[in-house]
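The primary structure of each chain is shown beneath.
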Amino acid sequence: VIFWNPTTNEFKGIPLDLPVMLNFHFYIFYEGFGYDSLRDDYILIRKGEYSGIGGYIADSGEDDPSDFREIYYPNGQLRRRLSDNFFEEDPSDLIGFTIYLNGTCHWRSVVLQEDSYVASLGTYKGRFVDTLFSVDIGNTKFTTTTISEWEFNKDINIKDLVDRKLVALNSYVATISMCLKTKCIDISILAEIGVNESWVKLFTIRPLSSIEGIMGIGIKGDLLLRKNDDELVSFDLGTQQIQEIGIKGSRLSQTLIYEKNFLPIGRITN
């Protein structure tokens, strides 16, 4: 993992400090990135998973590997393990990118609930819950907030789904959501983490036919959107005007706002 300061163009490699076991592949997934001012250190929230090589299954015992989540401090090379019951619902599939705001890491995951097979329909029915997972770095307090939920069946269509991005807006967690069918865009902020009913819709934007996806929010509060030719454009919420910015991006790209910082990254060593 590489840290990069865009202001000074400085790069620093982070020691992974990962356990290795024979007969097992080890996979790491990063679910959060931020800065702990109390420890004067960066933080990474990461999930580790083991998978037996060639169908290998270890005998039960104390040395058997188990999946884990932890907060890792690269400067101090400290690891704070999160207990197995830390998450009330398992955020197994990270969606999009994480954000760090006011000492808390946030990310999205869709949790499947009430999964069942309906014989008369010959298909599965159930309920998806688009969930915000939040971890306070200082006290490792964990909170979930429902963003939206919907049922699924054999008639579900991709055009009925929503392209949603998690962003920070005026010190609030916010979502930008675009219906893939109507191309209408909604912007909502979360007034209180953990309170499902505290989502407040700020804007609804008219359909934008040439827009393929959402990228994020610019430094002046404008929306960054992706056209169907992957060109990025800026949408001014006040004037409702679209302006090309001469940059291409893909659905896997992320846009971030950063503050200029001429200080060195720190004492992180390879």
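Residues numbered from 1 in each chain as written. Predicted model: local features only at pLDDT ≥ 70, side-chain atom pairs only at ≥ 80, totals over all residues. Heavy atoms only, no water.

(A) Layout of the pattern of salt bridges. Summed over the entire model, instances satisfying the criterion amount to 12 salt bridges. A salt bridge links Glu31 to Arg69; the shortest N-O distance between them is 2.9 Å. In this pair, Glu31 sits in strand β3 (residues 24–36) while Arg69 sits in strand β5 (residues 68–73), placing the two residues 38 residues apart along the sequence. You'll find Glu31 and Arg69 in the same group, each marked buried. Across the pair Asp130 and Arg164 runs a salt bridge, and its minimum N-O distance is 2.7 Å. (Salt bridge = Lys/Arg side-chain N within 4 Å of Asp/Glu carboxyl O. Helix = DSSP H or I, 4+ residues; strand = E, 2+ residues; numbered from the N terminus. Buried < 20%, exposed > 50% of the residue type's maximum accessible area, 1.4 Å probe, protein only.)

(B) Fine view of unusual backbone geometry. With phi around 60 degrees, Asn9 is a residue other than glycine that occupies positive phi space. We note that Asp40 has phi near 50 degrees; this positive angle belongs to a residue other than glycine. Of note, Asp40 is situated in the loop between β3 and β4 (41–52).

(C) The arrangement of the sheet that holds strand β13 (residues 185–190) in detail. The four strands lie next to each other as β11-β12-β13-β14, forming an open sheet whose pairing is antiparallel. The open sheet is flanked by β11 (162–169) and β14 (199–205), the only strands paired with a single partner. For this sheet, the mean angle separating the axes of adjacent strands, direction not counted, is 20 degrees. Inspection of the sheet shows β13 paired to β14 by six bridges, in the antiparallel sense. Bridge pairing in β14 places Ile189 opposite Val200. (Pairing = 2+ DSSP bridges. Axes fitted to C-alpha atoms, helices over the stretch in contact; angles between N-to-C directions.)

(D) Geometry of the nonpolar core. Ile176, Ile185, Ile205, Leu223 and Leu225 are the most contacted members of the largest nonpolar core, which totals 18 residues. Elements with a minimum of two residues in this core: β11, β12 (172–179), β13, β15 (211–217), β16 (223–227) and β17 (231–235). Beyond its immediate sequence surroundings of up to four residues, Ile185 is in contact with Ile176, Ser177, Met178, Phe203, Thr204, Ile205, Leu208, Leu223 and Leu225. Counting 12 residues, the second-largest nonpolar core is a separate cluster that includes Ile45, Ile71, Trp107 and Val135. (Core = buried A, V, L, I, M, F, W, Y, C linked by side-chain atoms within 4.5 Å. Contact = heavy atoms within 4.5 Å.)

(E) Highlighting the environment of Ile2. Following the sequence through the fold, Ile2 ends up in strand β1 (residues 2–5). Classification of Ile2 by relative accessible area gives exposed; the value is 55%. Separated by 10 residues in the primary sequence, Ile2 and Lys12 place their C-alpha atoms 5.7 Å from one another. Once you skip the residues sitting within four places of it in the chain, Ile2 turns out to touch Phe11, Lys12 and Gly13.

(F) Expanded view of the side chain of Arg46. By the element assignment, Arg46 lies in strand β4. Its relative accessible area of 0% is what places Arg46 among the buried residues. Within the local environment of Arg46, its side chain forms a polar contact with the side chain of Glu70, the two groups lying 2.7 Å apart. (Polar contact = N/O pair within 3.5 Å; in protein donor to acceptor, adjacent residues only side chain to side chain.)

(G) Broad picture of a nonpolar patch on the surface. A surface patch of nonpolar side chains, amounting to about 370 Å² of accessible area, comprises Ile2, Trp4 and Phe11. Examined against the element boundaries, Trp4 turns out to sit in strand β1. (Patch = residues over 30% accessible without salt bridge, like charges linked within 9 Å, V, L, I, M, F, W, Y side chains within 5 Å. Areas by Shrake-Rupley, 256 points an atom, 1.4 Å probe, with all protein chains shown as cover.)

(H) Molecular detail of the pairing of β12. By the criterion of burial, β12 is predominantly enclosed, with six of the eight residues buried. The sheet contact formed by β11 and β12 spans eight bridges and is antiparallel. Looking at β12, one finds that Arg164 is bridged to Ser177. Hairpin geometry of β11 and β12 is characterised by an intervening segment of two residues between the two adjacent antiparallel strands and by a positive phi of about 50 degrees at Asn170. Counted along the chain from β12 to the antiparallel partner β13, the turn is five residues long, and its residue Lys183 has a positive phi close to 65 degrees.

(I) View of the sheet that holds β4. Within the open sheet, the four strands sit side by side as β3-β4-β5-β6. Their pairing is antiparallel. Looking along the sheet, the strands with just one partner apiece sit at the ends: β3 and β6 (78–82). Strand-to-strand twist in this sheet, taken as the mean axis angle between neighbours without regard to direction, amounts to 25 degrees. With 12 bridges connecting them, β3 and β4 associate as antiparallel partners.

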